[in-house]
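Observations on chain architecture
This is what each chain is made of:
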Amino acid sequence: MIRKSARARKVTNYANDAYKELDSDSAPPPPSGDASSSDEDFTAAATATAAGDNVIPESEESEDEGVSDEEEYDDDDEEEERPRSQSKSTPTPFTPRIRRLDDDEERTPGSAPQVHRRHVRTIDSGKGQGRRRIRLMAQGASMNVIKAPDSAVRITYRPGFAKATGKRDRIVQVYGDDEKVLKKAFWVRDMWMGLPAVPEKATLAVSPFWEEERKEGEGEQEEIGDAAQVVEVLDFADTEGYVPREEAEPLRVVLGRVENYEKVVFKRFGVYDLKKVGEDKKGFLLNAGAQVLSMDWATNRSEGCQYLAISTLTEGEPIGERNDEQSPAFSRLPSKSTIQIWRFRVDPETCTPAKEPSIALMLCHDWGPARCLKWCPARLSFKDSRVLGYLAGVFADGIGRVLKVILPQSDDDPAAADADGCDFLKFTAPAFECYLPDNIITTISWISATGLVVGCATGSIAAWDTTAERIPYLYTTLHQTYINGLSTCFPSFPNHIITSSMDGYSRLTSLGDFEADNVPNNRSRIAPSAITYVDALQSGVSVEEGSWVKLFPIRRYFSATTVAKQLGIVRSLAGSTMHTLVLSGGTEGEAVFSNPARRVFHSKIKNYQQTWFQLEYAEGARDGDGGTLRMTEGFKLEECEVKSKVKGGQQLLTTVYPMQIGIGAVCWNQNREFGGWAAAAASCGLVRVEDVAIP
């Protein structure tokens, strides 16, 4: 017979390899002869501990009430099951305490008992207050029993993208484990990770995931809807109702440094050279004449003039009857409106704006203001060199259309007398039309050179092939309500789209199997109002809780990484295929640059953001006096704060800012030599275009 105390059994349970498979709630069987440690060793250890100065306190001894100090075991018979302890508290695994030695006393080597507890996972007893206690009690757990884990259940855990600190783990989670793709990912890291927040001329390059697409896409483009498009030339006298009114209130803007500021008055389509503010500035300010709804740079312009399409909210003559009781967001509201095509002459040596921009084309129509404008991003070449490209837009009548834009003859000769002239074109019928009789289209994007996908006010999406019939080949519901942002993962994954909706969700969806391949991210209490895609990072960029700009890798779309933080609500986002930088604009009047590539490849690197400029607005002193805008620039680089700003121990709340200063549209130039050109437009109609790339 072997006699030993209950504590000695517990020590044996966690110390001997013979008991590592034993359930912690049952008593141990007799040890085998080849056990690593004998019963005499543990008996001697317990005796030495009890004889020392630091004996087990009475509070710990009381935990063993209800358990006999000595129990008997038979060497021949198997152990019988014993009932669980009925004590008030749960016995815990015990490690003998060692007597403290005097200063002049030496310990004999090997005389101290070394007891190492094995890593045995147990479930908390649930005595603490909270959900865990309630859940354990609902599962039938006793309050004074420690349950050992079920060995048949295998629990796996994969840390989130934000917590995957290993560099290779982070890269694999974003790009996958294909060797060819990883080589391109390392090239992206070496090229753009070192940029704090602003692009450099030397780092402007095409996304490496577009190389194969570029070779296959070269060639002459099949004409889209040449027979369907109907265009006529208008005289300036016939443009009344289409063009923004000249008698509109001019914009008064204060520019420059505090000690040497300048007050500028912008009339309709007025232009101001930023070199007057600083010699290092390479851009212009212009007045679009009304609130800017959307804008985009023309693609396939590797050299020569650059063209910017701008849509404004003009108060044109309405077409048809209006019902004031209907919601404007869910109604068809056709009216006279126009799309402005601005021309920017370029210095061929520095690829910077050379002279003041001017309007090249006024595209007049009766479809209402264009809410969304997107040039076809595919690399195209046309038989006629004057063809600027295909411009897709969603208009106030709830219909998406594609326009084939042709430049005036005078643009081929910059030295001509009418080189800076403007042509007025009236579009009666588009090259292609996306129409849903029972739905309102809200946003549009290109899948390929001949493919389009749209988002609707009911939360549905539809896709068309412009070379086929005008019936969508796909129509399904993704969101619960209004889709206010849509972008395709072009060119890497053109058949995948990312959408943002007023239901608070942002989704990644495959058009090949939209029911199975559909991933939402965390719901935001403030609906995301903008979304974009960064091809070099294989990630979407959206807004969370109104003011947080976050990155969502398409292979882990349910996880997010903070990119930038703005004081107001982010209203616009823009990514580029020429670099990894993101441009965002908010209601507080700030346009901000950030580089999400830093956090993609390194979790502990500092994340910076650079404020491009800030707008402020002040009302006039008297009634009838127009307000004044102040544009501030020259901000220093700042680190993106993970937590909300705190002042005086109180969290700063979101503020309602004047409507005039909200940055409602931003975009990057997608042409390689001009990839550092950025444009940002405020709700007052003021547009800033500048080459921000560092030489």
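Described below are features of the structure shown in this document. As the structure is a computational prediction, the values presented were derived from the model and not from experiment.

**Considering the overall build of the chain**
When helices and strands are tallied, the chain shows eight helices and 39 strands. Every one of the 695 residues in the chain was classed for burial, and the buried ones make up 49%. Contacts in the chain between residues far apart in sequence, at least 24 positions, make up 60% of those at least 6 positions apart. In the form shown here, the chain has an accessible surface area of approximately 35,200 Å², with 47% of it arising from carbon and sulfur atoms.

**Considering the packing of aromatic side chains**
Counted according to the given criterion, the structure contains 18 aromatic pairs. When the ring of F552 is compared with that of Y557, the centres are 5.4 Å apart and the planes differ by 40 degrees; the resulting orientation is tilted. Look at F552 and you get buried, because its relative accessible area is 2%. On the accessibility criterion, Y557 (2% relative accessible area) is buried. One aromatic cluster in this structure is built from W297, F344, F674 and W677.

**Describing the environment of N260**
Inspection of the secondary structure puts N260 in the loop between strand 4 (251-256) and strand 5 (261-266). Separated by 17 residues in sequence, N260 and V277 place their C-alpha atoms 9.0 Å apart.

**Brief notes about the sheet that holds strand 13 (residues 387-395)**
The four strands lie next to each other as 12-13-14-16, forming an open sheet whose pairing is antiparallel. The open sheet has two edge strands, strand 12 (370-375) and strand 16 (432-434), and neither has a second partner. Pairs of neighbouring strands in the sheet enclose a mean axial angle of 25 degrees, with direction left out of account. Examined bridge by bridge, strand 12 and strand 13 share five bridges and lie antiparallel to one another. The residue bridging C372 from the neighbouring strand is V394, located in strand 13.

**Comments concerning the sheet that holds strand 28 (residues 561-565)**
The antiparallel open sheet is built from four strands, whose spatial order is 25-26-27-28. Strands at the two margins of the open sheet, each flanked by one partner only, are strand 25 (531-534) and strand 28. Put simply, the sheet's adjacent strands are angled 30 degrees from each other on average, direction ignored. As defined by bridge partners, strand 26 (residues 539-544) adjoins strand 27 (residues 548-553) across six bridges and the pair is classed as antiparallel. Residue S542 lies in a different strand from strand 27, and its bridge partner there is K550.

**Some remarks on the pairing of strand 29 (residues 570-574)**
Taking burial as the measure, the five residues of strand 29 include four buried ones, the bulk of the element. In the sheet, strand 29 pairs with strand 30 (residues 582-586) via four bridges, with the strands oriented antiparallel. Across the sheet, S572 pairs through a bridge with G585, a residue of strand 30.

**Structural notes on the side chain of S460**
Within the secondary structure, S460 is located in strand 19 (residues 460-465). Of the residues examined, S460 reaches a relative accessible area of 3% and is grouped as buried. Of note is the side chain of S460, whose polar atom sits 3.4 Å from the side chain of T458. In terms of polar contacts, S460 uses its side chain to reach the side chain of T477, at 3.1 Å. In this view, S460 contacts N439, V454, G455, Y475, T476, T477, L478 and I483; residues no more than four positions away in its chain are not counted.

The rules behind each value
Residues numbered from 1 in each chain as written. Predicted model: local features only at pLDDT ≥ 70, side-chain atom pairs only at ≥ 80, totals over all residues. Heavy atoms only, no water. Helix = DSSP H or I, 4+ residues; strand = E, 2+ residues; numbered from the N terminus. Buried < 20%, exposed > 50% of the residue type's maximum accessible area, 1.4 Å probe, protein only. Contact = heavy atoms within 4.5 Å. Areas by Shrake-Rupley, 256 points an atom, 1.4 Å probe, with all protein chains shown as cover. Phe/Tyr/Trp six-rings, centres within 6.5 Å; stacked < 30°, edge-to-face > 60°. Pairing = 2+ DSSP bridges. Axes fitted to C-alpha atoms, helices over the stretch in contact; angles between N-to-C directions. Polar contact = N/O pair within 3.5 Å; in protein donor to acceptor, adjacent residues only side chain to side chain.

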